[in-house]
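So the chains spell out like this:
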Amino acid sequence: MRPFSFSKTENAAKAVAYKKDQAQFIAGGTNLVDLMKKHIAQPEALIDITGSLSNKIESTVQGIRIGAMVRNSALATDSKILSQYPLIAKAVLAGASPQIRNMASTGGNLLQRTRCPYFYDITSPCNKRKPGSGCSALKGENRMSAVVGYSDQCVAVHPSDLCVALAALDASVNITGQKQQKAAIAFKDFHRLPGDQPHLDNTLPVNALITSIDIAANPFYKNCAYVKLRDRDSYAFALVSVAAALHLKDNKIIDARLASGGVAHKPWRWYAAEAYLKGKEANTENFEKAATIALEGLKPLSGNTFKLPMLKGVIETALQSCLSVNRLI
Ligand SMILES: Cc1cc2nc3c(=O)[nH]c(=O)nc-3n(C[C@H](O)[C@H](O)[C@H](O)COP(=O)(O)OP(=O)(O)OC[C@H]3O[C@@H](n4cnc5c(N)ncnc54)[C@H](O)[C@@H]3O)c2cc1C
Ligand code: SF4
């Protein structure tokens, strides 16, 4: 590991003022330290932001604000989250392990890097790690890779479970920039598709800090589900996952949200399937049709055609699970 300096700041303003291009913020460190050990991230300086950002979950006029330093375990067990935004807790609990969730922060979860094996192997070409070097996964081992929204520069998927639920609930990300300017980025615009700049995962300005996440109050808490398929039952990233949420009146769908992980470079919303569901009866036939619509136009790679039938099944299961008693998981 390359030598680095380490400092702690006590508030967001000082943290951003202190940040230089070769420095990195560190929160829980569950992704960054691994990247440093593997020589993928080589910061000259680490700025510990654990004391700089809120670790509180607060009710607001519009909904709820989650401080960027709220640990994943605290997020998944908070009473306001469990009663009003249970989709968030379901997604968080489907990820990582209890030990990692105890360390991982909300802000860091949004910024974790892809789990593409070539990204972690510094002997392999990888445009995300080394722009212009090529994409080893495009014609190589791409079983875990994307089926939509990719480019010939990068076919990686975003690994977060929490982000799939945040995408479904149209969250927004509050940031503070280096000149102390504050801004909110709509969640749908926060993560990027790879295009010809796959080294850029998101639209967070250079040296800016995520301070909190907002979710507007919504009616989806009664009927929502997060279903994740993976190679083993825990401690594994999604092959495909689906966050589903329905606003029902009697059995009619007033509004629907469907988002997936494991399919694209960013959490992916199935807007056409959502539009189909609105105004329909909540039943197996309509769920099956919505899943078929979601699959239209997907382009699997050589090693992941299996993801299409898997995704169809997971979308149907997630929608069906929205009708069950809303228990956790
Ligand atoms: C073995 C293993 C299994 C895992 N399984 C899953 C899984 O199944 N599902 C899942 O969703 N996740 C999984 N994770 C990932 C884990 O959730 C993330 O590593 C974690 O959420 C990152 O949070 P952190 O606070 O530790 O981030 P850090 O490692 O501290 O930081 C990550 C990045 O974010 C930056 N950063 C952190 N906070 C801020 C901020 N507030 N503002 C600006 N920049 C910031 C850092 O500079 C760094 O670049 C797994 C991790 C491991 C190690
Ligand atoms: S898919 Fe992306 S992360 Fe993986 S090798 Fe290709 S460029 Fe690198």
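Counting from 1, residues in each chain are numbered in the order their sequence is written. All chains are assigned letters beginning with A, and all ligands numbers beginning with 1, in the order in which they are written. Reporting of local features is limited, given that this is a predicted model, to residues whose pLDDT is at least 70; pairs of side-chain atoms are given and counted only at 80 or more, and all residues count toward the totals for whole chains, interfaces and linings.

**Student:** Help me out: how do you make sense of the site of ligand 2 in this one?
**Tutor:** A molecule or strand has a residue near it when that residue's C-beta atom, placed from backbone coordinates, lies within 6 Å of it. Taken together, 14 residues lie near ligand 2, and Cys116, Tyr118, Cys126, Cys135 and Cys154 sit nearest. As a working rule, the residues Ala, Val, Leu, Ile, Met, Phe, Trp, Tyr, Cys and Pro are called nonpolar, Asp, Glu, Lys and Arg charged, and the rest polar, with Gly in that last group. Split by residue class, the shell around ligand 2 holds 10 nonpolar, three polar and one charged.

**Student:** What should I look at first to understand the sheet that holds strand β10 (residues 240-249) in this one?
**Tutor:** Whenever strands of a sheet pair, they do so through backbone hydrogen bonds, lying parallel or antiparallel. Taken in spatial order, the four strands of this open sheet run β9-β10-β11-β12, and their pairing is antiparallel. The open sheet has two edge strands, β9 (224-229) and β12 (268-269), and neither has a second partner. Bridge count between β10 and strand β11 (residues 252-261): nine bridges; the pairing is antiparallel. When the sheet's bridge partners are listed, Ala243 is paired in β11 with Ala259. A residue pair is marked as a contact if its C-beta atoms, positioned from the backbone, fall within 7 Å. For helices, the fitted line uses only the C-alpha atoms of the stretch in contact; every axis is such a line through C-alpha atoms, and the angle between N-to-C directions lies from 0 to 180 degrees. Helical segments are the DSSP runs of H or I of at least four residues, strand segments are the runs of E of at least two, and each set is numbered from the N terminus. Running over the sheet, helix α12 (residues 307-321) touches β9, β10 and β11 and is turned about 30 degrees from β10. Two strands form a pair only when DSSP identifies at least two bridges running between them.

**Student:** Can you walk me through unusual backbone geometry in this structure?
**Tutor:** Trans is the common state for peptide bonds, and a negative phi is the common state for residues other than glycine. In this structure, Ala96 is a non-glycine residue whose phi angle is positive, near 55 degrees. One non-glycine residue, Asn207, adopts positive backbone phi at about 70 degrees. Tracing the chain through its elements places Asn207 in the loop between α9 (187-190) and β8 (209-216). Three classes are used. A residue is buried when 20 or more other C-beta atoms lie within 10 Å of its own, exposed when 12 or fewer do, and partly exposed in between, with C-beta atoms placed from the backbone. Judged by the 18 C-beta atoms lying within 10 Å of it, Asn207 falls in the partly exposed class.

**Student:** Help me out: how do you make sense of helix α11 (residues 284-295) in this one?
**Tutor:** Because the α-helix completes a turn every 3.6 residues, residues three or four places apart line up on one side. Multiplying one less than the number of residues by 1.5 Å gives the expected span of a helix. The terminal C-alpha atoms of α11, which comprises 12 residues, lie 17 Å apart, in line with the 16 Å expected from a rise of 1.5 Å per residue. Restricting attention to buried positions, one finds in α11 the residues Phe287, Ala290, Ala291 and Ala294. An end-on view of α11 places all buried positions within 100 degrees of arc, on one side of the element. A positive backbone phi angle near 85 degrees is found at Gly297, which sits one or two residues after α11. The directions considered for the arc are those from the helix axis to the C-beta atoms.

**Student:** Where do I start with the site of ligand 1 in this structure?
**Tutor:** Taken together, 32 residues surround ligand 1, and among them Gly28, Gly95, Gly107, Gly108 and Leu111 come closest. Only β2 (23-26), α2 (32-37), α6 (98-103), α7 (106-111) and β8 provide two or more residues apiece to the shell around ligand 1. Ranked by residues supplied to the shell around ligand 1, first place goes to α7 with four residues. Residue composition of the shell around ligand 1, by class: 18 nonpolar, 12 polar and two charged.

**Student:** Explanation requested: the environment of Tyr271 in the structure shown.
**Tutor:** Its location among the elements puts Tyr271 in helix α10 (residues 271-277). With 45 residues separating them in the primary sequence, Tyr271 and Glu316 have C-alpha atoms 15 Å apart.

**Student:** How do you make sense of the pairing of β9 when you look at a structure like this?
**Tutor:** A regular strand places its side chains so that they alternate between the two faces of the sheet. Burial of β9 is extensive: five of the six residues sit out of reach of the surface. Pairing geometry for β9 and β10, over six bridges, is antiparallel. In the sheet register, Ala225 faces β10, and the bridge partner there is Ala244.

**Student:** Can you help me understand the packing of α11 against α12 in this one?
**Tutor:** Helix-helix packing is characterised by the crossing angle of the two axes and by the distance between the axes. As a packed pair, α11 and α12 sit with axes 9 Å apart at the nearest point and diverge in direction by 140 degrees. Read as a crossing pair, α11 and α12 show a hand that is right-handed. Across the interface between the two elements, Thr284, Phe287, Glu288, Ala290, Ala291, Thr292, Ala294 and Leu295 of α11 pack against Leu308, Leu311, Lys312, Ile315, Glu316, Leu319 and Gln320 of α12. Looking at the contact of α11 with α12 residue by residue, the classes come out as nine nonpolar, three polar and three charged. Rotating anticlockwise by less than a right angle from the far helix to the near helix defines a left-handed crossing, while the corresponding clockwise rotation defines a right-handed one.

**Student:** Where do I start with the environment of Lys182 in this structure?
**Tutor:** Here Lys182 shows up in strand β7 (residues 182-186). Counting along the chain gives 101 residues from Lys182 to Asn283, while the straight-line C-alpha distance between them is 44 Å. Those residues in contact with Lys182 that lie beyond four places of it in its chain are Asn174 and Thr176.

**Student:** Is there a simple way to think about the sheet that holds β7 in this case?
**Tutor:** Across the sheet, which stays open at both edges, the five strands sit in the order β4-β5-β8-β6-β7 with antiparallel pairing between neighbours. The sheet is open, and its two borders are formed by β4 (57-59) and β7, each paired with just one other strand. Each strand axis lies, on average, 25 degrees off the axis of its neighbour in the sheet, ignoring direction. Taken together, the three bridges between β4 and strand β5 (residues 63-67) define a ladder with antiparallel strand orientation. Across the sheet, the residue bridging to Glu58 is Arg65, located in β5.

**Student:** Would you take a moment to explain the pairing of β5 for this structure?
**Tutor:** The loop that links β4 with its antiparallel partner β5 comprises three residues. Alignment of β5 against β8, held across five bridges, turns out to be antiparallel. If you follow Ile64 over to β8, its bridge partner there is Ile215.

Worth remembering: the numbers are spatial, not functional.
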